[in-house]
Every structure is written in structure tokens, then in C-alpha cells.
Amino acid sequence: MARKYCKWQSNAQTGTSTDRLLQGSDHQLVPVGQRSRLLGVFCDLNTATLEFSNGSVGDTTLFDIKMQKGSNNDPFFYTIPGDGVLFDNGINLKMASSNTSNATPQVGIFYEA
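The following refers to the structure shown. (Residues numbered from 1 in each chain as written. Predicted model: local features only at pLDDT ≥ 70, side-chain atom pairs only at ≥ 80, totals over all residues. Heavy atoms only, no water.)

Considerations on the packing of aromatic side chains
- Under the criterion given, the structure shown has 4 aromatic pairs.
- Ring plane angle 40° and centroid distance 6.1 Å describe the contact between Phe52 and Phe63, whose orientation is recorded as tilted. Here Phe63 lies in strand β7 (residues 61-68) and Phe52 lies in strand β6 (residues 47-54), a separation of 11 residues in the sequence. By the burial criterion, Phe52 is buried, and Phe63 matches it.
- Taking the centre distance of 5.6 Å and the plane angle of 70° together, the rings of Phe77 and Phe110 count as edge-to-face. Of this pair, Phe77 sits in strand β8 (residues 76-79) while Phe110 sits in strand β11 (residues 106-112), and the two are 33 residues apart along the sequence.
- The structure contains a cluster of three or more aromatic residues connected by ring pairs, namely Phe52, Phe63 and Tyr78. (Phe/Tyr/Trp six-rings, centres within 6.5 Å; stacked < 30°, edge-to-face > 60°. Helix = DSSP H or I, 4+ residues; strand = E, 2+ residues; numbered from the N terminus. Buried < 20%, exposed > 50% of the residue type's maximum accessible area, 1.4 Å probe, protein only.)

A few points about the environment of Asp26
- Position of Asp26 among the secondary structure elements: in strand β4 (residues 26-30).
- Given the relative accessible area of 36%, Asp26 is considered partly exposed.
- Along the chain, Asp26 and Lys94 lie 68 residues apart, while their C-alpha atoms are 4.2 Å from each other.
- Setting aside residues no more than four positions away along its own chain, Asp26 makes contact with Val57, Asn92, Leu93 and Lys94. (Contact = heavy atoms within 4.5 Å.)

Some details on the pairing of β7
- Sheet topology places β6 next to β7; 7 bridges connect them, and they run antiparallel. Counted as the bridge partner of Thr49 is Lys66 from β7.
- Counted along the chain from β6 to the antiparallel partner β7, the turn is 6 residues long, and its residue Gly55 has a positive phi close to 110°. (Pairing = 2+ DSSP bridges.)

A look at the nonpolar core
- Ranked by internal contacts, the top residues of the largest apolar core, which has 22 residues, are Leu38, Leu50, Phe52, Phe63, Leu93 and Ile109.
- Looking at this core, the elements that each hand over two or more residues are β4, β5 (36-44), β6, β7, β9 (85-87), β10 (91-99) and β11.
- Those residues within four positions of Phe63 in sequence are excluded, and the remaining contacts are Leu38, Val41, Leu50, Glu51, Phe52, Tyr78, Ile80, Val85 and Phe87. (Core = buried A, V, L, I, M, F, W, Y, C linked by side-chain atoms within 4.5 Å.)

Digging into the pattern of salt bridges
- With the rule as written, the count across this model stands at 2 salt bridges.
- In this structure, Lys66 engages Asp64 in a salt bridge whose closest nitrogen and oxygen atoms are separated by 3.1 Å.
- Taking the relative accessible area as the measure of exposure, Lys66 reaches 62% and is therefore exposed. (Salt bridge = Lys/Arg side-chain N within 4 Å of Asp/Glu carboxyl O.)

Below, the structure is given as C-alpha cells:
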């Protein structure tokens, strides 16, 4: 039976390494080789283009989101209809473009694996 998970990526610093949500950065959200379904995306960025690839950076983009917040600055949540998007080789997030002027940009995915 598949289980549902949530994975967050934000501007976080762990010890001496920093994993930043910046334009051009990529993040392996679900490990390569793990079959999963993307069910939803939460985004707290002012303006962004998010590309979700099957596998690692540079592999086929299966799903992308182009978003721009309005003046109310509410976070963006998108539920993918039906059974979501199937990734048979892990999920990689690439910040194709972004404006991370807010203090703590965050992206969260909801997936089944």
C-alpha cells in the first residue's frame, strides 16, 4: 500500500551547509529511483517558476508551475487533480526563476510513494 508524505524545502542552514531556494537552484525532493506521485504543491514565494523533473536535474520536466502572488501575499497551494503526476525515478525541483524577497521562501510537496 502506498503511503502519503510531505517534503519541505526552504532557505535552511544546517551546520555549515546552506540549501537555498534561489533562481537556478535544484533540490532532490524524492530520491532518484523512487517511484512516486506528486499530489500537491505549497509555495510561499513572491514570484516563481517551479519545474519538477523525473529523476535528477536536467532530466525530463513532467510538471511546472508559473506563479505570481497578488498584493495579499497569501501562500499558493495547488492540488493536482486525479491521481497526480507519476514520477518513476524520483522528484527533482528546479527553481527556473524566482523572486525570493520574502524572508523565508518555502516550497512543500505532497506525494505518494
